[in-house]
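Here are the chains, one letter per residue:
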Amino acid sequence: QVQLVESGGGLVQPGGSLRLSCAASGNILSIYTMGWYRQVPGNQRELVAVNIKGGTPRYVDSVKGRFTISTDNAKNTVYLQMNSLKAEDTAVYYCNANLMRYSGDSVRAYWGQGTQVTVSS
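Residues numbered from 1 in each chain as written. Predicted model: local features only at pLDDT ≥ 70, side-chain atom pairs only at ≥ 80, totals over all residues. Heavy atoms only, no water.

Draft legend 1. Structural detail: the packing of aromatic side chains. Using the criterion set out here, one finds one aromatic pair in the structure. An angle of 65 degrees between the planes, with centres 5.0 Å apart, marks the rings of Tyr37 and Trp111 as edge-to-face. One end of the pair, Tyr37, is in strand E4 (residues 30-39); the other, Trp111, is in strand E10 (residues 108-111), with 74 residues separating them in the sequence. Note that Arg19 overlies the ring of Tyr79, its terminal NZ or CZ placed 4.1 Å from the centroid. Taking the ring centre of Tyr94 as reference, the NZ or CZ of Arg45 above it sits at 3.7 Å. (Phe/Tyr/Trp six-rings, centres within 6.5 Å; stacked < 30°, edge-to-face > 60°. Helix = DSSP H or I, 4+ residues; strand = E, 2+ residues; numbered from the N terminus. Lys NZ or Arg CZ within 6 Å of the ring centre and 35° of its normal.)

This is the structure in structure tokens:
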């Protein structure tokens, strides 16, 4: 079994900061990507930021310069530092990892349970 456990969401005023964390645990051989998506009720889930193994982090245009994604490979953990938060950043944020559990396995997508981020005065 693979689990992704998120933490760090909450209520913050516009202009404030939050840091999300997501730790992957269980039977994991190799992680290829770890990233963050977000979803507002009635809208599709959108990619916010992703770290690709051996590659360059990617961000949706609306968060460039404000959000920073980082990973601790030894801990199978991904972080999202969110600065200068805006009301339109309000959403449920989901952690995602594409990984292989064992040799010969397919690369599969796993999701966290979601954490609410609310930006409001």
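Once you've had a look at it, read on.
Draft legend 2. Representation of the sheet that holds strand E8 (residues 77-82) within the structure. The four strands are arranged E1-E3-E8-E7 in an open sheet whose pairing can be described as antiparallel. Across the chains shown, the open sheet's two edge strands, defined by having one partner strand only, are strand E1 (2-7) and strand E7 (67-72). Taking each pair of neighbouring strands and ignoring which way they run, the sheet shows an average axis angle of 15 degrees. Of the pairings in the sheet, the one linking E7 to E8 comprises six bridges and is antiparallel in character. Residue pairing across strands places Asp72 opposite Thr77, the latter belonging to E8. (Pairing = 2+ DSSP bridges. Axes fitted to C-alpha atoms, helices over the stretch in contact; angles between N-to-C directions.)

Draft legend 3. Representation of the layout of surface pockets within the structure. Considered as a void within the structure, the largest pocket measures approximately 240 Å³ in volume. Along the walls of the largest pocket sit 16 residues, with Ile31, Tyr32, Lys53, Thr71 and Asn73 positioned nearest its centre. When contributions to the lining of the largest pocket are tallied by element, the ones reaching two or more residues are E4, strand E5 (46-52) and E7. No other element matches E4, which puts five residues into the lining of the largest pocket. Partitioned by chemical class, the residues of the lining of the largest pocket number six nonpolar, eight polar and two charged. (1 Å grid on protein atoms, 1.4 Å probe; cavity = no way out; pocket = protein on both sides within 12 Å on 5 of 7 lines; lining within 4 Å. Points joined across faces, edges and corners; volume = space filled by probe spheres on them. Nonpolar A, V, L, I, M, F, W, Y, C, P; charged D, E, K, R; others polar.)

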